[in-house]
Amino acid sequence: MAYDYDLFVIGAGSGGVRAARLAAMSGARVAVAEADRVGGTCVIRGCVPKKFMVYASEFSHAFEDARGFGWDVGETRFDWARFLARKDDEIARLSGIYTTNLQKAGADMIHARAILKDAHTIELEGKDQTVTADKILIATGGRVWRPDFPGAEFCITSDEAFHLKQLPKSILIAGGGYIAVEFAGIFAGLGVETTLVYRGPNILRGFDEDIRVHLADEMEKRGVRIILGSQHDKIEKTEHGLKSHLTHGQMPCTTDQVMLAVGRRAWTEGLGLEAAGVKTNEDGTVVVDDFSQTSQPNIWAIGDVTGRINLTPVAIREAVAFAETVFKNNPTTYDHDTVPTAVFSQPPVGTVGLSEADARKSLGQVDIYQTKFRPMKVTFQGRDERTFMKLVVCAKTDKVVGVHIVGPDAPEMIQLAAIAVKMGVTKAQWDTTTALHPTAAEELVTLREKYVPHELAAAG
Ligand SMILES: Cc1cc2nc3c(=O)[nH]c(=O)nc-3n(C[C@H](O)[C@H](O)[C@H](O)COP(=O)(O)OP(=O)(O)OC[C@H]3O[C@@H](n4cnc5c(N)ncnc54)[C@H](O)[C@@H]3O)c2cc1C
């Protein structure tokens, strides 16, 4: 049977756009459907606008530092509306580049929600039209999940945080994952009285324990109030703002805004997966094999909708592996091991490989090397801020299996440390690296003493 397209991609986000371009450039007839704006979560309501907000908010610390270095800094004022307009211009420019790149590659861009009717037929919502394709790629990403409790409807999520008409004077952020932590830093840096409420014992579940403790301390030093072991019971709208009633005996807290950052879900609802014979997991993510192929052999899925590792570069690498396998006759899988990740908190976190706890579980004996110090810039200025660095080394093989940093430029350092860790560097090889002075990163290559926790040292 002749199909309208060789490949139909659903979703023009990080993964979908890359896969569509590569397939089209290999000569395939490709169409991409996008229900919203081209660029997806990363460009429109994720990594990119978030990083702009981080940059904007960091200036308050920079002004403070400048004074310490002898500058007279006059009165400073942040213009939220001006920032938002500039941010929106830049997002529009980037979204335009994505569209142009798709066009240049020869892919058809269709602005509509796509719904699968069967394994080869796609309905374009609102267009009264169906198209057929030999192969289909699901790249619909994820979307914000809203818990259901009385008053949840008054809350914003990260989607709305990028478009607030005005900056609140105070905000309560519910959640302890990276999005919650990043927005807490953003708002606090912009002068908003910020409270973070998380039901777990500490922020950033899944990260190395020492990183979690250190970051929470540093955030509190920068004025973020952190309430742990508690969550919303209900929210009341009062004349003074939104009154959050919290569990576990916490006093109610009234703020101008409440932001929910308590999770995201794969965007598979209403997509017609059942009609197409595509299986999903209980949490709604699409079941795929190592080649991103679904239970329906002519349909693949990549990116957040598969819930493997929800990061832009991962979606892109899965897209590349898909295009190589399906359109270049070069079966390729993407290795999800040792993926570096950052939290653009203030201070930021960079991490690659195993946490100490995970390394102990999977490898048995591990050696820890760690340091905590005040960076040069901070000591000069007199601020109380510490950088934390930790290496996790497999005692048996001497391989560096985890690197974890909290401090200025941690994400930049981790990107490069990730090369060595991915290559399987041993601690002995790591130690042959000459320090680059004066930097904070040099501390990472001069860690010689194994760390012995106080309680073990005391026990002899
Ligand atoms: C606030 C925030 C901050 C983030 N920060 C980072 C970061 O710093 N670094 C990082 O690596 N990752 C970050 N991420 C995660 C990153 O954005 C995602 O991992 C990445 O965008 C996933 O790409 P994707 O292609 O799977 O899906 P997406 O980029 O989400 O794209 C999916 C697209 O599909 C469209 N779509 C959905 N259903 C349909 C349909 N039926 N028909 C047509 N179109 C449809 C959607 O509108 C969307 O445009 C962040 C996410 C958020 C929310």
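These numbers come from a predicted model, not from an experiment. (Residues numbered from 1 in each chain as written. Predicted model: local features only at pLDDT ≥ 70, side-chain atom pairs only at ≥ 80, totals over all residues. Heavy atoms only, no water.)

Asks: I keep staring at the overall build of the protein and nothing clicks. Help me out?
Replies: When you go through the protein residue by residue, the secondary structure sums to 14 helices and 21 strands. Taking 23 Å as the expected radius of gyration for a compact globule of 460 residues, we find that the protein reaches 24 Å, a close match to that expectation. Seen through its principal axes, the protein has C-alpha atoms that stretch 75 × 60 × 45 Å. Counting contacts in the protein only where the partners sit at least 6 residues apart, residues at least 24 apart contribute 61% of the total. When the accessible surface of the protein is summed, it comes to about 22300 Å², and 50% of that surface belongs to carbon and sulfur atoms. Side chains of the protein give 51 positive and 59 negative charges; the mean places of these two sets differ by 2 Å. (Helix = DSSP H or I, 4+ residues; strand = E, 2+ residues; numbered from the N terminus. Rg over C-alpha atoms; globule rule 2.2 N^0.38 Å. Contact = heavy atoms within 4.5 Å. Areas by Shrake-Rupley, 256 points an atom, 1.4 Å probe, with all protein chains shown as cover. Lys, Arg positive; Asp, Glu negative; His and termini not counted. Charge placed at Lys NZ, Arg CZ, Asp CG, Glu CD.)

Asks: Would you mind showing me how to read the pairing of strand 14 (residues 257-260) here?
Replies: Along any regular strand the residues' side chains alternate between the sheet's two faces. Here strand 14 shows no split at all, with Gln257 and Met259 on one side and Val258 and Leu260 on the other all buried. Across four bridges, the pairing between strand 8 (residues 170-174) and strand 14 is parallel. Counterpart to Leu172 in the pairing with strand 14 is Val258. (Buried < 20%, exposed > 50% of the residue type's maximum accessible area, 1.4 Å probe, protein only. Pairing = 2+ DSSP bridges.)

Asks: For this particular structure, what's the right way to read the site of the ligand?
Replies: Taken together, the neighbourhood of the ligand is formed by 35 residues, with Gly15, Glu34, Thr41, Lys50 and Asp304 sitting nearest. Ala114 places a main-chain nitrogen or oxygen 2.9 Å from a nitrogen atom of the ligand. Contact distances for the ligand include 3.0 Å between an oxygen atom and a backbone N or O atom of Thr312. Within the complex, 96% of the 1000 Å² of free accessible area of the ligand lies under protein. Within the residue set of the shell around the ligand, elements represented by two or more residues are helix 1 (14-25), helix 2 (40-45), helix 3 (47-68), helix 6 (178-189) and helix 9 (312-327). Looking at the shell around the ligand element by element, the count peaks at four residues for helix 2. Classifying every residue of the shell around the ligand gives 16 nonpolar, twelve polar and seven charged. (Near = heavy atom within 4 Å. Polar contact = N/O pair within 3.5 Å; in protein donor to acceptor, adjacent residues only side chain to side chain. Nonpolar A, V, L, I, M, F, W, Y, C, P; charged D, E, K, R; others polar.)

Asks: When you look at the pattern of salt bridges in this model, what are you seeing that I'm missing?
Replies: Opposite charge on two side chains permits pairing when their charged atoms draw close. In total, this model carries 30 salt bridges according to the counting rule given. Ionic pairing is found between Arg45 and Asp36, a salt bridge with its closest N-O pair at 3.3 Å. Exposure remark for Arg45: the relative accessible area of 18% places this residue in the buried category. A salt bridge links Lys390 to Asp210; the shortest N-O distance between them is 2.6 Å. Here Lys390, found in strand 20 (residues 387-394), pairs with Asp210, found in helix 7 (residues 209-221); they are 180 residues apart in sequence, far enough to count as distant. Its relative accessible area of 27% is what places Asp210 among the partly exposed residues. Each member of the salt-bridge network shares a partner with another, and the members are Glu64, Asp65, Arg222, Arg383 and Glu385. (Salt bridge = Lys/Arg side-chain N within 4 Å of Asp/Glu carboxyl O.)

Asks: Can you walk me through the packing of helix 1 against helix 9 in this structure?
Replies: What describes two packed helices is the angle between their axes and the distance between those same axes. As a packed pair, helix 1 and helix 9 sit with axes 8 Å apart at the nearest point and diverge in direction by 30°. Taken as axis vectors, helix 1 and helix 9 run roughly parallel relative to one another. For the pair helix 1 and helix 9, the sense of crossing is right-handed. Residues Ser14, Gly15, Arg18, Ala19, Leu22 and Ala23 of helix 1 form the contact with helix 9, whose participating residues are Thr312, Ala315, Ile316, Ala319, Val320, Phe322, Ala323 and Phe327. (Axes fitted to C-alpha atoms, helices over the stretch in contact; angles between N-to-C directions. Parallel < 35°, antiparallel > 145°, perpendicular 65-115°, else oblique. Left-handed = near helix turned anticlockwise from the far one by under 90°.)

Asks: Can you walk me through the sheet that holds strand 21 (residues 400-406) in this structure?
Replies: Remark on secondary structure: sheet strands pair via backbone hydrogen bonds, oriented parallel or antiparallel. Taken in spatial order, the five strands line up as 17-18-21-20-19 in an open sheet, and their pairing is antiparallel. Edge positions in the sheet fall to strand 17 (341-343) and strand 19 (366-373), since each has one partner strand and no second. The mean angle between the axes of side-by-side strands here comes to 10°, regardless of whether they run parallel or antiparallel.

Asks: Explanation requested: unusual backbone geometry in the structure shown.
Replies: In terms of backbone geometry, most residues other than glycine have negative phi values and most peptide bonds are trans. Omega for the peptide link from Gln346 to Pro347 comes to 0°, which places this bond in the cis form. That bond from His437 to Pro438 is cis: its omega, -10°, falls within 30 degrees of zero. Here Pro438 lies in the loop between helix 13 (427-431) and helix 14 (454-459). One non-glycine residue with positive phi stands out, namely His248, at about 60°. Its location among the elements puts His248 in the loop between strand 12 (241-246) and strand 13 (253-255).

Asks: When you look at the state of the cysteines in this model, what are you seeing that I'm missing?
Replies: Here a disulfide denotes a covalent bond joining the sulfur atom of one cysteine to the sulfur atom of another. For the structure on display, the rule yields zero disulfides. Here Cys253 is not cross-linked by a disulfide; its sulfur's nearest cysteine counterpart is in Cys155, at 12 Å. On the basis of relative accessibility, which here comes to 7%, the residue Cys253 falls in the buried class. (Disulfide = S-S within 2.5 Å.)

Asks: Which parts of the structure should I look at to understand the nonpolar core?
Replies: Counting residues in each nonpolar core, the largest one holds 37 residues, and the members touching the most others are Ile173, Phe183, Phe187, Leu196, Met219 and Met259. Of all the secondary-structure elements, those providing two or more residues to this core are helix 3, helix 4 (80-105), strand 8, helix 6 and helix 7. The greatest single-element share of this core, amounting to seven residues, is contributed by helix 6. Excluding residues that lie within four positions of it along the chain, Met259 makes contacts with Ile156, Thr157, Ser158, Ala161, Ile171, Leu172, Ile173, Ala174, Ile179, Phe183 and Phe187. Tyr5, Val131, Ile136 and Leu273 belong to the second largest nonpolar core, which has 25 residues in total. (Core = buried A, V, L, I, M, F, W, Y, C linked by side-chain atoms within 4.5 Å.)

Asks: What's the story with the side chain of Ser158 in this structure? I'm lost.
Replies: Secondary-structure assignment places Ser158 in helix 5 (residues 158-161). On the accessibility criterion, Ser158 (6% relative accessible area) is buried. In this structure Ser158 touches Val144, Ile179, Phe183, Met259 and Leu260, once residues within four positions along its chain are discounted.

Asks: Any chance you could explain the packing of aromatic side chains here in plain terms?
Replies: For any pair of aromatic rings, the description consists of the separation of the ring centres together with the inter-plane angle of the planes. Applying the stated criterion across every chain, the model contains ten aromatic pairs. For the ring pair Phe162 and Phe183, a centre distance of 5.5 Å and an interplane angle of 65° mean the geometry is edge-to-face. In this pair, Phe162 sits in the loop between helix 5 and strand 8 while Phe183 sits in helix 6, placing the two residues 21 residues apart along the sequence. The pair formed by Phe162 and Phe183 is uniform in burial state, with each residue classed as buried. Aromatic side chains Phe183 and Phe187 sit 6.1 Å apart centroid to centroid with 35° between the ring planes, which places their arrangement in the tilted category. Of this pair, Phe183 and Phe187 both sit in helix 6, four residues apart, roughly one helical turn. The class for Phe183 is buried, based on a relative accessible area of 2%. (Phe/Tyr/Trp six-rings, centres within 6.5 Å; stacked < 30°, edge-to-face > 60°.)

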